[in-house]
Amino acid sequence: MSNEATPSVQADAAGTAGSGSIASFIDHTLLKPEAGEADVLKVCAEAAEYGFKSVCVNPIWVKTVKNALKGSGVLTCSVVGFPLGATPTDVKTFEARGAVLDGADEVDMVINIAAARAGDKGALIDDITPVAEAVHAGGAILKVIIETGLLSDSQKVLACEAAVAAGADFVKTSTGFNGGGATVEDIALMRKTVGPGLGVKASGGVRSLEDAQAMIAAGATRIGASSGIAIVKGEQGSSAY
């Protein structure tokens, strides 16, 4: 289980405007399908320079990122079942296992969104559990993307409860590709649902230092953003993932 959800960490980050505190919360993200090796290496160099928590990329780039970040202290993160969450569980599990074997320290999986919308908690647990087991067997951690923009509040709670029951380490708001994005209200609801023991990742539409601080104050312990540099510089980012 993640231990990043401590109140003291949240308070310190929310109360500090300097880039040093915020940078360590950021998963520097590049998930655009057209991104090439030069783009990926550029993001890795930026992450090492600014001290971001991780670089989050599509699975084909995990080995590249792991090699580029060697010795930097920055983690390697991969997405699974991305961005729709509509692949079978065994495929997600295979994909997650492969990402960890390639060097991923963290895996962000998309849930079966249809199951969440149908209120089928059992199906969600069945979808997440094998992926969590595969990720943990490789010594990595699992973040579960519930895609808040497509769910009602009761469905968000159900999805978070399923993630807890399935052994996830984090719950995460959004892919950034299916409409909506992180909101302070959703972060607060997710934090209330999972309690202090799990991480909560705000992702999608976090483009400024003020956005990031608001999410952290509401209970986020990680920020997924392609605008990480703008955030730490106190500027306004504009690009999506």
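Going by the annotation in an unreviewed UniProt entry, the name recorded for the protein is Deoxyribose-phosphate aldolase, with Pseudarthrobacter phenanthrenivorans given as the source organism. In its Catalytic activity (unreviewed entry) section, UniProt records this for the protein: "2-deoxy-D-ribose 5-phosphate = D-glyceraldehyde 3-phosphate + acetaldehyde". UniProt's Pathway (unreviewed entry) comment on the protein is quoted here verbatim: "Carbohydrate degradation; 2-deoxy-D-ribose 1-phosphate degradation; D-glyceraldehyde 3-phosphate and acetaldehyde from 2-deoxy-alpha-D-ribose 1-phosphate: step 2/2."

(A) Structural context of the packing of aromatic side chains. Scanning all chains against the criterion turns up two aromatic pairs. Relative to phenylalanine 52, the ring of tyrosine 50 has its centre 5.8 Å away and its plane inclined at 15°; by these criteria the two rings are stacked. A relative accessible area of 25% places tyrosine 50 in the partly exposed class. Geometrically, the ring pair formed by phenylalanine 82 and phenylalanine 177 is edge-to-face, given 5.4 Å between the ring centres and 85° between the ring planes. Pair noted here: phenylalanine 82 is in the loop between β3 (75-80) and α5 (89-102) and phenylalanine 177 is in the loop between β6 (170-172) and α9 (184-194), with a separation of 95 residues, a long-range link. Judged by its relative accessible area of 19%, phenylalanine 82 falls in the buried class. Against the face of phenylalanine 170 rests lysine 143, its NZ or CZ located 5.8 Å from the ring centre.

(B) Spatial organisation of the sheet that holds β3. Strand order in this closed barrel of eight strands is β1-β2-β3-β4-β5-β6-β7-β8, and the pairing throughout is parallel. Each strand axis lies, on average, 25° off the axis of its neighbour in the sheet, ignoring direction. Relative to β3, strand β2 (residues 54-57) is paired through four bridges, and the arrangement is parallel. By the bridge assignment for β3, valine 55 is matched with threonine 76. Where α5 meets the sheet, its contacts fall on β3 and β4 (106-110), and the angle it forms with β3 comes to roughly 165°. Lying over the sheet, helix α7 (residues 121-137) contacts β4 and β5 (141-145), oriented at roughly 155° with respect to β5.

(C) Up close: the packing of α9 against helix α10 (residues 209-218). Contact pair α9 / α10: the axes reach a minimum separation of 8 Å and the direction vectors enclose 25°. Considered as vectors, α9 and α10 are oriented roughly parallel to each other. Handedness of the α9/α10 crossing: right-handed. Of the residues in α10, those touching α9 at Val184, Ile187, Ala188 and Arg191 are Ala214, Met215 and Ala218. The residue inventory of the contact of α9 with α10, partitioned by class, reads six nonpolar, no polar and one charged.

Rules used throughout
- Residues numbered from 1 in each chain as written.
- Predicted model: local features only at pLDDT ≥ 70, side-chain atom pairs only at ≥ 80, totals over all residues.
- Heavy atoms only, no water.
- UniProt positions renumbered as here; feature names shortened; annotations may be inferred.
- Phe/Tyr/Trp six-rings, centres within 6.5 Å; stacked < 30°, edge-to-face > 60°.
- Buried < 20%, exposed > 50% of the residue type's maximum accessible area, 1.4 Å probe, protein only.
- Helix = DSSP H or I, 4+ residues; strand = E, 2+ residues; numbered from the N terminus.
- Lys NZ or Arg CZ within 6 Å of the ring centre and 35° of its normal.
- Pairing = 2+ DSSP bridges.
- Axes fitted to C-alpha atoms, helices over the stretch in contact; angles between N-to-C directions.
- Contact = heavy atoms within 4.5 Å.
- Parallel < 35°, antiparallel > 145°, perpendicular 65-115°, else oblique.
- Left-handed = near helix turned anticlockwise from the far one by under 90°.
- Nonpolar A, V, L, I, M, F, W, Y, C, P; charged D, E, K, R; others polar.

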